[in-house]
2 protein chains.
Amino acid sequence: MFKTIIIGAGPSGLSAGIFLARDKIPVLIIEKFAVGGNMLLTEKIENYPGFPNGITGYELAKNMEEQFLKFGGKIKEGDVNGIELKDNKKIVKIKNGEILECDVLIIATGSSRKKLGVKGEEEFTGKGVSYCAICDGPFYKEKEVAVVGGGDSALEEAIHLTKFAKTVYLIHRRDNFRAKKYLQDEVMKNEKIKILFSKTIKEIKGKETVEKIVVEDLKQNKIEELNIRGIFISVGFKPNTDFLSIDIKKDEEGFIIVNEKMETNIPGIFACGDVIKKQLYQVITACSEGIIAGYFAEKYLDSIF
Amino acid sequence: MFKTIIIGAGPSGLSAGIFLARDKIPVLIIEKFAVGGNMLLTEKIENYPGFPNGITGYELAKNMEEQFLKFGGKIKEGDVNGIELKDNKKIVKIKNGEILECDVLIIATGSSRKKLGVKGEEEFTGKGVSYCAICDGPFYKEKEVAVVGGGDSALEEAIHLTKFAKTVYLIHRRDNFRAKKYLQDEVMKNEKIKILFSKTIKEIKGKETVEKIVVEDLKQNKIEELNIRGIFISVGFKPNTDFLSIDIKKDEEGFIIVNEKMETNIPGIFACGDVIKKQLYQVITACSEGIIAGYFAEKYLDSIF
């Protein structure tokens, strides 16, 4: 019987696992898709301290996985669709019917890109609608594309896409960006980027793949169509907490609320990484939170055994 | 004129620097001793996520320094002995008389090992009294040594010293350890380690170098002498804040109090790493705090320019 289960093998889950496994605590990570989580969406990570030349998200994920496995940790594929509490035990239910039990549970399920919620978005996802410029940018060489959003990620993606695309429309519903100044400076002076302020997307149209978007000008109350082949949606993240069938405290957007020890409101359940409410969502912060969660999960185990 | 000054080139200072320099903010780190800070005291760091085989503190420090310098950051040797506020500017005074000015200041000066405060301790420091088992362990091959303390570090150091020493007395003033259980198990079953509970050091004696320690048994109210050649003191850390001539909020032990954005109570002054009050003192947590400090330092600069 495993004492500790971690849901999610992104940077925070793997880090929590590394901490616990190194301290000889039996630990199992359950991952739905691929080990690495949102790290895999990043081409090159330049501000993870310790890698002077940067490191690809894929490589960093591989390194952390190897580090975890070396200390004796185990990883299992599975889609968790329910959690239950039974006395002091935590029951983890997997979609295939399997039921696992543990003393400490660490939730590290991360977050996913928010959808726009407009007509055509679902239909054309993967056919011109993308949530990852790093992943899909190279498909749009010499094409016209749009990026929707006004934060750091949206501006970074617009800049990244100019490596491939002919024109990048950067569409934002407000009349200024909330992104960092130096990014704003960069998009302003990049001739391939056309900034469209105070505009929203009404619909995404096409036959087999995306051909145009319907855009509303919020100031002039005017509708127009833009011919594009790709639209990259970068309007924020939502935490992956749909599987949470128990009453864990969350903020209004659904991010799990933890204290400085990464404890949730339920004793023996910790959370870390992009799924929690916090100040900064980065690989390095996720790793730090994972290590902290591991440390206090171990303290918790020490206290109950 | 540099916009941002960071005091201290340990993991948190370097990380803050990496974040800012990458975003094209001019940044200067001032370091008193050696780039790397307390990382240099660690032989091998095994739980910094991303290095499957572990990495020496020295190597990790070199990597972070290189990463910082590549982005255009600057490092300068200097012993800061005063901070002043002038309007919105922060004035940094260096012992050699130099005076620097900046808009944002990040304090990342770390912490130092606490002293026992007993007779002989000062006199024999470097001559048998050590605060770093990793650094000085190899000098005590086949000798008798003592470790003072009851936390994780003390127990880890006792275990480490058994690689060299003949006998390791582990002396603790309480009758149980606060260290993690698996470490307690390891010291219990290690035949080279003799655990002395409820005992304190009264004096360290010797001629040229340490020869014996005077130990008081707190339960039996008895004094005895132990022949040893080395004593490793591991009774906690104190923050390096003596240079702070301004009124920054600290806790009762002197650790700087920051919020989740690494802001101190003074606008434009941030702190991160071992110098702050927090839950867990590790390289990875220091790096994460450094990145957060860098991020919000940049936001602060954006807001004032």
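See the structure above.
Residues numbered from 1 in each chain as written. Chains lettered and ligands numbered in written order. Predicted model: local features only at pLDDT ≥ 70, side-chain atom pairs only at ≥ 80, totals over all residues. Heavy atoms only, no water.

(A) Quick look at the overall build of chain A. Helices and strands together make up the secondary structure of chain A, namely six helices and 20 strands. Its C-alpha atoms give chain A a radius of gyration of 21 Å, near enough to 19 Å, the size a compact globule of 305 residues would have. Referenced to the eigenvectors of the C-alpha coordinate spread, the extents of chain A come out at roughly 65 × 40 × 35 Å. Out of the 305 residues in chain A, the part that is buried amounts to 56%. Restricting to contacts in chain A with at least 6 residues of sequence separation, those with at least 24 account for 58%. Across chain A, 46 positive and 45 negative side-chain charges occur, with their mean positions spaced 1 Å apart. (Helix = DSSP H or I, 4+ residues; strand = E, 2+ residues; numbered from the N terminus. Rg over C-alpha atoms; globule rule 2.2 N^0.38 Å. Buried < 20%, exposed > 50% of the residue type's maximum accessible area, 1.4 Å probe, protein only. Contact = heavy atoms within 4.5 Å. Lys, Arg positive; Asp, Glu negative; His and termini not counted. Charge placed at Lys NZ, Arg CZ, Asp CG, Glu CD.)

(B) Inspection of the sheet that holds strand β9 (residues 104-107) of chain B at higher detail. Residue and element names in this part refer to chain B. Strands sit in the order β5-β2-β1-β9-β20 across an open sheet of five strands; the sheet is parallel. Two strands bound the open sheet, and with one partner strand each, they are β5 (74-77) and β20 (269-271). Taking each pair of neighbouring strands and ignoring which way they run, the sheet shows an average axis angle of 20°. In this structure, strand β1 (residues 4-7) lies alongside strand β2 (residues 27-31), joined through four bridges in parallel fashion. Note on β2: the bridge partner recorded for Thr4 is Val27. Contacts from helix α6 (residues 283-304) reach β1, β9 and β20 within the one sheet, and its direction differs from that of β9 by about 165°. (Pairing = 2+ DSSP bridges. Axes fitted to C-alpha atoms, helices over the stretch in contact; angles between N-to-C directions.)

(C) Just the state of the cysteines, in detail. All names here are of chain A. Here the structure, examined in full by the defined rule, presents two disulfides over all chains. Each disulfide pairs two cysteine sulfurs, and for Cys132 the partner residue is Cys135, the sulfurs being separated by 2.0 Å. Disulfide Cys132-Cys135: torsion about the S-S bond near 75°, hence right-handed. Since its relative accessible area comes to 9%, Cys132 is described here as buried. Look at Cys135 and you get partly exposed, because its relative accessible area is 36%. Unpaired in terms of disulfides, Cys272 finds its nearest cysteine sulfur in Cys287, a separation of 9.7 Å. On the basis of relative accessible area, Cys272 is assigned to the buried category, the value being 0%. (Disulfide = S-S within 2.5 Å.)

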